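Topology and contacts: notes
For reference, the chains in residue letters:
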Amino acid sequence: MIKTQFFLSSKQRDRAMHKYCKLWRITSLILFMVINMVVGSDHIPTTLEGPFKPATRHFDPSLRRGSDDLPMDHPRLKKNVTLNFPEQIALAISSPTAMWVSWVTGDAQIGKNVTPLDPSKVGSEVWYGKKSGKYDGVKKGVAVVYSQLYPFQGLLNYTSGIIHHVRIDGLKPGTKYYYKCGDSSIPAMSEEQAFETLPLPSPNTYPRRIAVIGDLGLTSNTTTTVDHLIQNDPSMIVMVGDLSYANQYLTTGGKGASCFSCAFPDAPIRETYQPRWDGWGRFMQPLTSRVPMMVIEGNHEIEPQVAGITFSSYLVRFAVPSEESGSKTNFYYSFDAGAVHFIMLGAYVDYNATGSQYAWLKDDLHRVDRSVTPWLVAAWHSPWYNSYSSHYQEFECMRQEMEELLYQYGVDIVFSGHIMCMLMSGRIEYITILDPCGPVYITVGDGGNIEKVDVDFADDPGKCPSAGDNIPEFGGVCHLNFSSGPAKGKFCWNEQPEWSAFRESSFGHGILEVLNSTYALWTWHRNQDIYKEDSHGDQIYIVRQPELCTPDLNPSVVQSLPSISAPASHSLVLALSLTLLGIFSVLSYSKLSLLLCNCASVLLQLTCEILILCTSSIA
């Protein structure tokens, strides 16, 4: 074997990289489209084909815009255990080798005079192991309670059951574990549950399916959303805020309202009926006891009390990797899920560039190693890009503070909720610039809550809000007129904005399937599609372009780019591997197709390794 070393100047390498990557993208895209046409008539677009002509799927008038909340005596909301036995069991990711297990014991109290339970009276322990019924690990944790107090005439107070959080560590990635939780000294242990850990951070490993939901609530529509989500068998859930909607009620309970201020104009404070939180935990347990759910706060979690106390239920009920990610607060944190680094941001705490959240975000972004976790996904509750009348430009201040930082570090996807619709933007930067290196913004604020889906667009005649509308519940007001483009000088567009790729008024959830270090399939599952076999709403491949959008490539990576002399054959192999991904991803959600898709991912990675080797030597 004779080895020949290639030495290229910086400009030669840049030209080689540009020519190679252009050939790669064109070839893979053409083959990808051809095979899709052969496999099925429905072509799944990629973001490489954008920018797209803005599209709107209007609300189906044969459907209801919303439904009432489930009553507290509904079978899925009722308490089905006695006293100190665990209920409301939920999982959350702590690290690639650790998991949080949370649950509630005891009876919550509601009335004029309530006495908090003593959390030290009931132990917090988790037994776990790799075989059913055999538990070789035991961990203990903490127990807490919280109260929601309203010193107003006629309002009732609440104090929670005992809320337990236990962190179990030393877990093997990609492994199924069985567990029980509770207090063995009483004894009061739960029935056996099971979960599967996620893979270690690596450019070759990804969660099978990442479910994304927002603004869930507890209605009949919520039931359909969660049942549909369970059918899609996710390996983890990202919940982008607004969970139980307990603040759509008076403290006395009764019937919830789609608009609190409209139904209860004389309320002395934004009241809540906290037992709805307990009902929500029971409702979600069949899913969250086996699939980790990562939450971030929304405006419906604010739940103000006197003396400026807010977010009590959110802060106490949910365990998140705040300490693990260095944030030390449940309002914002980060975690890894295989080759995806998630950043969960708080829209209802200080987001200014001089604040602690911004400083933490900058440090967290700086520490991300894209060679290990190539995908960078951010999530928060209130969207920055929104063409609906509801909440229009509501969080413009947050966008102006943080957008440049997220763009600088190459965030790939942003998930938000808040708007009762599904909204997807093209890759965008600074509100008027369509940029192939900007994030794809996806809004999924329509899990099924009592507030009903939004149907009015800001670009519809007579539907543009005034600058005094949509005042955020936290932060300042930064409404602005557009300074360039078709809407220059105006507060609203008179047509669907060019950055608004797709919008639809429907309840549902999303599934993100990351196929390799550059391709991910996003599928929007509308609730009405649960009644159709193998049917769904919007679908698109989100494609990263690190060779175009990563400003500071590692020098060793740059020097391993292929020479101009023979990249065509390499491009063809790479394109074929991408095509395999396309074939298997459009076939079905069967285990066989998932296996084939994983094989294609391995083939793609091997191809990339071959390309690197071919740069430095010729056999």
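Residues numbered from 1 in each chain as written. Predicted model: local features only at pLDDT ≥ 70, side-chain atom pairs only at ≥ 80, totals over all residues. Heavy atoms only, no water.

In the nomenclature of an unreviewed UniProt entry, the protein corresponds to Purple acid phosphatase from the organism Rosa chinensis. As stated in UniProt under Sequence similarities (unreviewed entry), the record for the protein gives "Belongs to the metallophosphoesterase superfamily. Purple acid phosphatase family." (UniProt positions renumbered as here; feature names shortened; annotations may be inferred.)

What to know about the pattern of salt bridges
Taken as a whole, this structure holds 22 salt bridges when the rule is applied. For Asp233, the salt bridge is made with Arg208, and the minimal N-O distance between the two is 3.6 Å. Taken as a pair, Asp233 in the loop between α2 (220–231) and β15 (236–239) and Arg208 in the loop between β13 (193–196) and β14 (210–213) lie far apart in primary sequence, 25 residues in all. For Asp233, a relative accessible area of 33% translates into the label partly exposed. Residue class for Arg208 comes out partly exposed when judged on its relative accessible area of 35%. Ionic pairing is found between Arg399 and Glu403, a salt bridge with its closest N-O pair at 2.5 Å. Note that Arg399 and Glu403 are positioned in helix α7 (residues 396–408) at a spacing of four residues, about one turn of the helix. The pair Arg399 / Glu403 is uniform in exposure class, with both members buried. (Salt bridge = Lys/Arg side-chain N within 4 Å of Asp/Glu carboxyl O. Helix = DSSP H or I, 4+ residues; strand = E, 2+ residues; numbered from the N terminus. Buried < 20%, exposed > 50% of the residue type's maximum accessible area, 1.4 Å probe, protein only.)

A closer look at the confidence of the model for the protein
Taken residue by residue, the protein gives an average pLDDT of 85. The fraction at 70 or more is 79%. Between residues 16–22, whose pLDDT stays under 50, and residues either more than four places distant or in other chains, the model counts twelve contacts. (pLDDT = per-residue confidence, 0-100. Contact = heavy atoms within 4.5 Å.)

Remarks on the environment of Pro203
With respect to the helices, strands and loops of the structure, Pro203 is situated in the loop between β13 and β14. For the pair Pro203 and Thr518, spaced 315 residues apart in sequence, the C-alpha to C-alpha distance is 9.9 Å. Here Pro203 is in contact with Ala339, Ser371, Val372, Pro374 and Ser517, once residues within four sequence places are set aside.

So, the packing of aromatic side chains
One pass over the full model with this rule turns up 27 aromatic pairs. Arranged with centres 6.0 Å apart and planes meeting at 65 degrees, the rings of Trp277 and Phe318 form a pair that is edge-to-face. With Trp277 in helix α4 (residues 275–288) and Phe318 in the loop between α5 (312–317) and β17 (333–337), this residue pair connects regions lying 41 residues apart in the sequence. Here Trp277 matches Phe318 in class, with each residue buried. Taken together, Trp277, Trp280, Phe311, Tyr314, Phe318 and Phe331 form an aromatic cluster joined through their ring pairs. (Phe/Tyr/Trp six-rings, centres within 6.5 Å; stacked < 30°, edge-to-face > 60°.)

Comments concerning the environment of Tyr392
Tracing the backbone shows Tyr392 in the loop between β19 (375–379) and α7. A C-alpha to C-alpha distance of 8.9 Å links Tyr392 and His479, two positions 87 residues apart in sequence. Contact partners of Tyr392, with chain neighbours within four places excluded, come to Asn386, Ala458, Pro465, Asn470, His479, Phe482, Phe491, Cys492 and Trp493. One polar contact links the side chain of Tyr392 to the main-chain carbonyl oxygen of Phe491, over a distance of 2.6 Å. (Polar contact = N/O pair within 3.5 Å; in protein donor to acceptor, adjacent residues only side chain to side chain.)

Some points on the state of the cysteines
With the rule as written, the count across this model stands at four disulfides. One disulfide bridge connects Cys437 with Cys549, the sulfur atoms lying 2.2 Å from each other. Between Cys437 and Cys549, the S-S torsion sits near -80 degrees, and that sign places the bridge as left-handed. In this pair, Cys437 is assigned in the loop between β22 (433–434) and β23 (440–444) and Cys549 in helix α8 (residues 546–549), connecting sequence segments 112 residues apart. You can call Cys437 buried: its relative accessible area is 15%. Owing to a relative accessible area of 21%, Cys549 belongs among the partly exposed residues under this scheme. The disulfide partner of Cys464 is Cys492, and the gap between their sulfur atoms is 2.0 Å. The sign of the 80 degrees torsion about the S-S bond sets the Cys464-Cys492 disulfide as right-handed. (Disulfide = S-S within 2.5 Å.)

Details of the side chain of Asn527
Positionally, Asn527 belongs in the loop between β26 (519–526) and β27 (539–543). The residues touching Asn527, leaving out its near neighbours within four places in the chain, are Asn221, Thr224, Thr225, His228, Phe507 and Gly508.

Let's talk about the side chain of Asn470
Following the sequence through the fold, Asn470 ends up in the loop between β23 and β24 (500–504). Given a relative accessible area of 18%, Asn470 falls into the buried group. Side-chain polar atoms of Asn470 contact the backbone nitrogen of His391, separated by 3.2 Å. Engagement of the side chain of Asn470 in a polar contact is seen with the backbone oxygen of Tyr392, the distance being 3.4 Å. Excluding anything up to four places from it in sequence, Asn470 contacts Ser389, Ser390, His391, Tyr392, Glu394, Pro465 and His479.

Brief notes about α7
Helix length check: α7 (13 residues) gives 19 Å between terminal C-alpha atoms against 18 Å at 1.5 Å per residue, within 8%. In the structure, α7 departs most strongly from a straight axis at Met402, where the bend amounts to approximately 45 degrees. Within the sequence span of α7, burial applies to Glu396, Cys397, Met398, Arg399, Met402, Glu403, Leu405 and Leu406. Of the residues trailing α7, Gly410 is marked for its positive phi of about 70 degrees. (Expected span 1.5 Å × (residues − 1). Bend = angle between axes of the 7 residues up to and from the residue.)

Focus on the packing of α2 against α4
The geometry of α2 relative to α4 is characterised by a closest axis approach of 10 Å and an angle of 10 degrees between their N-to-C directions. Judged by the angle between their axes, α2 and α4 are roughly parallel. The interaxial crossing formed by α2 with α4 has left-handed handedness. Packed against α2, whose contacting residues are Thr222, Thr223, Val226, Leu229 and Ile230, the element α4 presents Phe283, Met284 and Leu287 at the interface. Residues that form the contact of α2 with α4 fall into these classes: six nonpolar, two polar and no charged. (Axes fitted to C-alpha atoms, helices over the stretch in contact; angles between N-to-C directions. Parallel < 35°, antiparallel > 145°, perpendicular 65-115°, else oblique. Left-handed = near helix turned anticlockwise from the far one by under 90°. Nonpolar A, V, L, I, M, F, W, Y, C, P; charged D, E, K, R; others polar.)

Examining the UniProt feature "domain: Purple acid phosphatase C-terminal" (unreviewed entry) in the protein
Mapped onto this numbering, the UniProt entry gives "domain: Purple acid phosphatase C-terminal" (unreviewed entry) at residues 490–529. Across residues 490–529 one finds 0% helix and 50% strand; the C-alpha atoms that close the span lie 38 Å apart.

Some details on the pairing of strand β3 (residues 98–105)
Most of β3 is tucked away: eight of the eight residues are buried. Along β3, one buried face is formed by Ala98, Trp100, Ser102 and Val104 and the opposite face, lined by Met99, Val101, Trp103 and Thr105, is buried too. Pairing analysis gives six bridges linking strand β2 (residues 87–95) to β3, with the strands arranged antiparallel. Paired with Glu87 across the strands is Val104, a residue of β3. Counting the residues in the hairpin turn of β2 and β3 gives two residues. Inspection of the sheet shows β3 paired to strand β10 (residues 162–168) by seven bridges, in the antiparallel sense. Considered in β10, the bridge of Thr105 is made with Ile162. (Pairing = 2+ DSSP bridges.)

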